[in-house]
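Listed below, chain by chain, are the residues.
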Amino acid sequence: MMNFAKTSDGWYFEYQGGADENAWVWTELKNDGSTTISKIFNFVRSDLREPPDDTTDMDDYVYVFDFGKIEGEYVRIPGRMIGSENDVMFPTGTFFKRKLFAAERNISIFGRLSKLLDHRDPIIVGGADPKAIPMEVFEELLRKFPNTYELNRYADARVHTILSTYLDGMKDARGMYEDYLNKKMVVKGGLKLETADLKKLEIEKYVLIRKLINDALENKTDLAEEQWQIYMLSFILLLFPKYIRVLENVTINDYYTREDGKKTPRYIDLALLDANGNLDVIELKKPFDNKILRKGQYRGNNVPTSELSGAIMQAEKYLFHLSKWGIQGERELTKRYAADIPEGMKIRISNPKAIIILGRDTTFGGDMTDGQRLDFEVIKRKYANMMDIITYDDLIRRLDNTIVALGGETVIAKKT
């Protein structure tokens, strides 16, 4: 039996094992000084309110531990009791139960959450505190926390991802497209370059890219961000044909961060080089849902999430430092990447631009409303002179429109 009981000054955690299975808690508390109940709740000896003595019948004994103290309108639960590095606070009227703290496979929900935080302030759930996670958002988190089936699917996908690196049968988009070209362009020992054939090849190219991106959105979202970038790089030059090279891990100099004026190295994960040698920046983020607009509004307006704002700020800083580096940067980058660019080409830093690809057109379980789409468009246009902000659904729509414009047919994909 496990129960949470409310008192005038806080909450207690009550536990009683079955017949002949009750004494183990006291044994662990005496010998080790601590115990874990139901694989998620952790207590030390001083948490026990009325320890048993030699006369106690352990079969009928109920362990009563201090669990939470009332602080104003909230109950504060010490993080150590629930596997978290942060204390947790719920409104005093909360009905406590195990599933508020534990997911399938006995995963500590707040333990997972605390690992994502860079502070040790209390995690507040519900109530009127402006820093609180709204209760409906927390309940949505509980509903969407991975179950056993999803975890097994994730494990299978990870195994497939690792093995596909070494097994034959999986080609990247560029390789598949080049194979297609080799088959289609060679006609009776010669090349046939008629306009109709070229248009057909273009349609096939974009259909292929669309299929691969859609497949990735359905089956490869478990990839780490670095692996996702590697996958997308296989056809990024086909998506943006003005570019001829992708440069990875580009080191640039920052002369503004340090007060002594000395340079600080900054690293651009991915940069694009066009046919004239002009350098641009591309940010490829994973296609998570709910990464474009916040759930709540600010004075009736939809505002960007921290992920979108962070990606924009990161891209802006890259462009700023590139521009300030100027001619010296052009010389250094040209020398550094001489082996990767056509002979005689010079890398130019001339009003560089950025492309940001992230997120889906969804907001917390549904498609964006017309108002949300308008506000997102306002955000994109604000930065249009220096960067192009694209969702993965935007990417699919662009491919659909391109295919149709070339005379092909396509069907708009449903969101995963």
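Since this is a predicted model, take the numbers as computed values, not measurements. (Residues numbered from 1 in each chain as written. Predicted model: local features only at pLDDT ≥ 70, side-chain atom pairs only at ≥ 80, totals over all residues. Heavy atoms only, no water.)

It is not clear to me how the overall build of the chain should be interpreted in this structure. Could you clarify?
A tally of helices and strands in the chain yields eleven helices and 21 strands. Going through the 416 residues of the chain one by one, you find that 42% of them count as buried. Partitioning the contacts of the chain with sequence separation of at least 6, the portion at a separation of at least 24 is 62%. Taken as a whole, the chain presents about 23600 Å² of accessible surface, with 50% of it coming from carbon and sulfur. (Helix = DSSP H or I, 4+ residues; strand = E, 2+ residues; numbered from the N terminus. Buried < 20%, exposed > 50% of the residue type's maximum accessible area, 1.4 Å probe, protein only. Contact = heavy atoms within 4.5 Å. Areas by Shrake-Rupley, 256 points an atom, 1.4 Å probe, with all protein chains shown as cover.)

How should the pattern of salt bridges be read in this particular structure?
Pairing between side chains becomes possible if they bear opposite charge and their charged atoms approach one another. In total, this model carries 22 salt bridges according to the counting rule given. Across the pair Glu85 and Arg120 runs a salt bridge whose closest N-O atoms are separated by 2.8 Å. With Glu85 in the loop between β6 (74-77) and β7 (88-91) and Arg120 in the loop between α2 (109-115) and β10 (123-124), the pair connects residues that are 35 residues apart, well separated along the chain. Assessed through its relative accessible area of 44%, Arg120 is described here as partly exposed. The closest approach of N and O atoms between Glu332 and Arg336, which form a salt bridge, is 3.9 Å. Separated by four residues within a single helix, Glu332 and Arg336 lie in helix α9 (residues 306-336), roughly one turn from each other. Within the structure, one salt-bridge network assembled from shared partners comprises Asp361, Arg373, Glu377, Lys380, Arg381, Asp394 and Arg397. (Salt bridge = Lys/Arg side-chain N within 4 Å of Asp/Glu carboxyl O.)

Explain the environment of Lys291 to me, please; I cannot follow it from the model alone.
Secondary-structure assignment places Lys291 in the loop between β15 (279-284) and β16 (293-298). Since its relative accessible area comes to 23%, Lys291 is described here as partly exposed. For the pair Lys291 and Ser306, spaced 15 residues apart in sequence, the C-alpha to C-alpha distance is 8.0 Å. Those residues in contact with Lys291 that sit more than four places away from it in its chain are Thr305, Glu307, Leu308 and Leu358.

In this structure, what is going on with the sheet that holds β15? I would like to understand it.
Through backbone hydrogen bonds, the strands of a sheet pair up, either in parallel or in antiparallel fashion. Spatially, β13-β14-β15-β18-β21 is the arrangement adopted by the five strands of the open sheet, whose pairing is mixed. Both outer strands of the open sheet, β13 (243-254) and β21 (387-390), are each paired with one neighbouring strand and no more. With strand direction ignored, the average angle separating the axes of adjacent strands in the sheet is 30°. Relative to strand β18 (residues 354-357), β15 runs parallel, the two sharing four bridges. (Pairing = 2+ DSSP bridges. Axes fitted to C-alpha atoms, helices over the stretch in contact; angles between N-to-C directions.)

Help me understand unusual backbone geometry, please; the structure alone is not making it clear to me.
The phi torsion of most residues other than glycine is negative, and most of the peptide bonds are trans. Backbone geometry places Arg105, a non-glycine residue, at a positive phi of 65°. Tracing the backbone through its elements, the reader meets Arg105 in the loop between β8 (102-103) and β9 (107-108).

What's the story with the packing of aromatic side chains in this structure? I'm lost.
Aromatic ring pairs: the centre-centre distance and the angle between the two ring planes describe each pair. Going through the model one piece at a time under the given rule, you end up with 29 aromatic pairs. Between the aromatic rings of Tyr61 and Tyr63, the centroid separation amounts to 4.8 Å while the plane-to-plane angle is 85°, which identifies the pairing as edge-to-face. Arranged with centres 6.2 Å apart and planes meeting at 80°, the rings of Phe67 and Phe96 form a pair that is edge-to-face. On the criterion of sequence distance, the pair formed by Phe67 in strand β5 (residues 63-71) and Phe96 in the loop between β7 and β8 is long-range, its members being 29 residues apart. You'll find Phe67 and Phe96 in the same group, each marked buried. (Phe/Tyr/Trp six-rings, centres within 6.5 Å; stacked < 30°, edge-to-face > 60°.)

Explanation requested: the pairing of β6 in the structure shown.
Each regular strand carries side chains that alternate between the two faces of the sheet. With three bridges joining them, β5 and β6 adopt antiparallel strand pairing. What sits directly across from Ile70, in β6, is Val75. With antiparallel pairing between neighbouring strands as the criterion, β5 and β6 make up a hairpin whose turn holds two residues, including Gly72 at a positive phi of roughly 65°. Where β6 and β7 come together, four bridges link them in antiparallel fashion. Paired with Arg76 across the strands is Met89, a residue of β7.

I'm lost on the nonpolar core in this one. Help?
What tends to happen in soluble globular proteins is that the nonpolar side chains get buried as a cluster. Counting 35 residues, the largest nonpolar core has Phe67 and Phe101 as the members making the most contacts within it. Put simply, the parts of the chain that give this core at least two residues each are β2 (10-15), α1 (23-32), β4 (41-44), β5, β6, β7, β8 and α2. Excluding anything up to four places from it in sequence, Phe67 contacts Phe4, Trp11, Tyr12, Phe13, Phe41, Phe43, Arg76, Ile77, Pro78, Met81, Ile82 and Phe101. Among the nonpolar cores identified, the runner-up in size contains 33 residues, and Leu279, Leu293, Ile341 and Met387 belong to it. (Core = buried A, V, L, I, M, F, W, Y, C linked by side-chain atoms within 4.5 Å.)

Honestly, it's all geometry; don't read function into it.
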